[in-house]
Structure formats: C-alpha cells, structure tokens
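Topology and contacts: notes
Each chain is listed here by its residues.
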Amino acid sequence: MVNKETIKTWTEDRVGVIQLDRSKVLNALNRRMVTEILQTLEEWDRDDKISVMVVTGNDKLFAAGADIDEMAEDDSISLELLNQFAEWDRIAWVKKPIIAAVNGYCLGGAFELALSCDLIVAAEDAQFGFPEINLGVMPGAGGTVRLTKLMGRTKALEWLWLGEYMTAKTACENGVVNRTVAPELVFEETMKLARKIARQAPLSVRMIKETVNKSVDHSVYEAMQFERKNFYMLFSSEDQKEGMNAFVKKRKPRFKGK
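So, here is what we can say about the structure in this document. Please read all numbers here as calculations on a predicted model, not as lab measurements.

**With respect to the pattern of salt bridges**
Overall, the coordinates contain 14 salt bridges when judged by the stated rule. Residue Lys 192 is joined to Glu 188 by a salt bridge in which the shortest nitrogen-to-oxygen separation is 3.7 Å. Remark: Glu 188 and Lys 192 occur in helix H9 (residues 186-198); sequence separation between them is 4 residues, near one turn of the helix. Of the residues examined, Lys 192 reaches a relative accessible area of 41% and is grouped as partly exposed. Here the residues in one salt-bridge network are Glu 5, Arg 32 and Glu 36, joined through shared partners.

**Quick look at the pairing of strand E2 (residues 7-12)**
When strand E1 (residues 2-3) meets E2, the two strands line up antiparallel, connected through 2 bridges. Paired with Val 2 across the bridge in E2 is Thr 9. Inspection of the sheet shows E2 paired to strand E3 (residues 15-20) by 6 bridges, in the antiparallel sense. Its bridge partner lying in E3, Trp 10 is registered against Val 17. Where E2 hands over to E3, the hairpin turn is made up of 2 residues, of which Asp 13 adopts a positive phi near 55°.

**Quick look at the sheet that holds E1**
Taken in spatial order, the 7 strands of this open sheet run E1-E2-E3-E4-E5-E7-E10, and their pairing is mixed. If you trace the sheet from one side to the other, it starts and ends with E1 and strand E10 (179-181), each paired once.

**Let's talk about the packing of aromatic side chains**
Given two aromatic rings, one states the distance between the centres and the angle between the planes to describe the pair. This structure, assessed with the given rule, holds 6 aromatic pairs. Of the aromatic side chains, those joined through ring pairs into one cluster are Phe 111, Phe 128 and Phe 130. Sitting above the plane of the Phe 226 ring, Lys 214 keeps its charged end 5.0 Å from the centroid. Positioned above the aromatic ring of Phe 226 is the side chain of Lys 229, whose terminal nitrogen or guanidinium carbon lies 4.7 Å from the ring centre.

**Focus on the sheet that holds strand E8 (residues 127-129)**
Ordered by their spatial adjacency, 3 strands build an open sheet running E6-E8-E9, and the pairing between neighbours is mixed. Lying at the two open borders of the sheet, with one neighbouring strand each, are strand E6 (105-107) and strand E9 (165-167). Ignoring strand direction, the axes of neighbouring strands in this sheet form an average angle of 25°. Relative to E8, E6 runs parallel, the two sharing 3 bridges. Along E8, the bridge assignment pairs Tyr 105 with Gln 127.

**With respect to unusual backbone geometry**
Of note in the backbone geometry, Asp 13 takes a positive phi value of approximately 55° without being a glycine. Along the chain, the position of Asp 13 falls in the loop between E2 and E3. Despite not being glycine, Lys 250 has its phi angle at roughly 55°, a positive value. In this fold, Lys 250 is placed in the segment after helix H12 (238-248).

**Some points on helix H10 (residues 202-217)**
For an α-helix, 3.6 residues make a turn, and residues three or four places apart therefore share a direction. Taking 1.5 Å per residue as the helical rise, H10 with its 16 residues ought to reach 22 Å, and the 24 Å between its terminal C-alpha atoms agrees with that figure. Among the residues of H10, Val 205, Met 207, Lys 209 and Thr 211 are the ones counted as buried.

**Overview of the side chain of Gln 240**
Within the element layout of this structure, Gln 240 appears in helix H12. We classify Gln 240 as buried; its relative accessible area is 13%. Not counting residues up to four positions away in its chain, the partners in contact with Gln 240 are Leu 234 and Phe 235.

**Brief notes about the packing of H10 against helix H11 (residues 220-234)**
One way to put it is that H10 packs onto H11 with a least axis distance of 9 Å and a crossing angle of 170°. The angle between H10 and H11 places the two elements in the roughly antiparallel class. Contacts between H10 and H11 involve Leu 203, Ser 204, Met 207, Glu 210, Thr 211, Lys 214 and Ser 215 from the first element and Ala 223, Phe 226, Glu 227, Asn 230, Met 233 and Leu 234 from the second.

Cut-offs used in this document
- Counting restarts for each chain, with residues numbered from 1 along the sequence as it is written.
- With the structure being a predicted model, the display of local features is reserved for residues of pLDDT at least 70 and the display and counting of side-chain atom pairs for 80 or more, all residues being used for whole-chain, interface and lining totals.
- Just so you know, side-chain values use all the structure's heavy atoms and leave hydrogens and water out.
- In what follows, salt bridge is the name for a side-chain nitrogen of Lys or Arg lying within 4 Å of a carboxyl oxygen of Asp or Glu.
- Only DSSP runs of H or I covering at least 4 residues are called helices, and only runs of E covering at least 2 are called strands; the numbering of each starts at the N terminus.
- Only protein chains enter the accessibility calculation, which uses a 1.4 Å probe. A residue is then buried if its area is under 20% of the maximum for its type, exposed if over 50%, and partly exposed in between.
- When DSSP finds at least two bridges between two strands, those strands are taken to pair.
- Aromatic pairing here means that ring centres of Phe, Tyr or Trp (its six-membered ring) are within 6.5 Å. Orientation follows from the plane angle: under 30 degrees is stacked, over 60 is edge-to-face, and everything else is tilted.
- For a Lys NZ or an Arg CZ to count as sitting over a ring, it must be within 6 Å of the ring centre and within 35 degrees of the ring normal.
- Geometry is summarised by axes, namely lines fitted to C-alpha atoms with helices restricted to the contacting stretch, and by angles between N-to-C directions that run from 0 to 180 degrees.
- Every helix has an expected span of 1.5 Å times one less than the residues it contains.
- Only heavy atoms matter for contacts: two residues are in contact if any of them lie within 4.5 Å across the pair.
- Working rule for angles: under 35 degrees goes down as roughly parallel, over 145 as roughly antiparallel, 65 to 115 as roughly perpendicular, anything else as oblique.

Rendered as structure tokens:
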C-alpha cells in the first residue's frame, strides 16, 4: 500500500485500487486529491500489470463533496487561471476500465468523480446528489452533462434544481448506478466485478470502452463506423487468434493484451 497526501493506493489481481483518504473532512475533494487521483489513474493506464482500476472511499462514505473551504474565496478570474477542471477532463482519456465503489454519501464533486468512472457499484443505503444549487452555484466538473446523458433532460433538471439526494435504488433504476449491494459487501463485490473484467482480453476491453464512449457523443452512423474500425483492428491482435482458437479447442483462452 502507498500512502499519499490525500489517497491510499494498492494493487491486487491486476486491479489497482485508489482509496480517498481525507476522513477528517469527510473525504472532501480538494485540488490536491484530484491531482493525485488523476496521476495514479494515468500511471496505471500505462502499466501492463494493471487491467482495471477501482476508486472507493471508506466503509462510511465515498465523499461528501468538493472542499468548499478551498473554493469559498475564489472568483471567476482565479478559477479561469487555475483551469481546475482540466484534470477532470483527463479522466475521460483513461483507456482502461474504472469502477467506483460507493458507500454512504456521494455528493457534489464526489458524485462527479463517480460519474467520471465507467461503472458504479453502490451500497443499498448510499445516497447521491448535487446540492450545489443550495450554495448558489452548480456542478462544474461534468455533473450536469453526465447526469443528463444517463437520466434524460427532465429527470436531471429535477435533481439538479432541487438539490435533493437520490437513493441508490433510484440511481440504479435510472441507469446512474450499475448494481446495489449490502453496505458491507460493496468493496468485495466491486473487486469481484473488476477481476472478471481483468480476465477479459485487454485490447477488446479498451476498444469497447472507446466505442461506447463514441456512441454517446456521435450519431448512430458515425458511431457504427467507429465500431467497425475497432472490430477490424482486433483481428490483427494475438488475443483474437488465441480467443477463437481456444473456443474451437474448447479450452480457456490465455489473453496477453497483444
């Protein structure tokens, strides 16, 4: 395990784990934490020994939101000069799967962090929300956009305007969360999911993520052309030959990510 200033990190079974570690302030996300998360994700994205990444909080909560104390005295010019959301944008460039494991509260900036991940596993008693409107502001790290793409315009507006919390069940029913489990099983079930994905052909996993992300922002025709290109490309991989040969010979494939 590596202890950094705001997070803890470790790896197991080709899965890299980032644990938010500012429990004294309810894991509030400050700029240093976002930097450390991003640096770790990018480092693991380049590491052939890591196939999947997990971001989690602790047994009581994921995170209560952004660090308001850090932002309270900011103004438009200081925020523009900081360009603080540039690092958030780079999370979307990570090619390997990222899974959020959520207990307790996941609010504001923390919800945006979870939505920046590819999948979310949540405790049955977890709560999600964007309370920014109660502070006279709004989400700024992709919250309004990602929530709208998942829930649809009218439902997203309701949650964003009211600033209320949604249960894990509601989030799951609206496609925001992938699955809900008992609070004590969140990390265990997330790791099971991560290990299953880690056993898949790495290039296929990467190409699927890339293609699905394209489909969100492009027309059906454009996305299908991109899908076709990636499909063809995989037929140049050793893993495609291994996977199909293993299927014919009725044995388990041994993927190498090549």
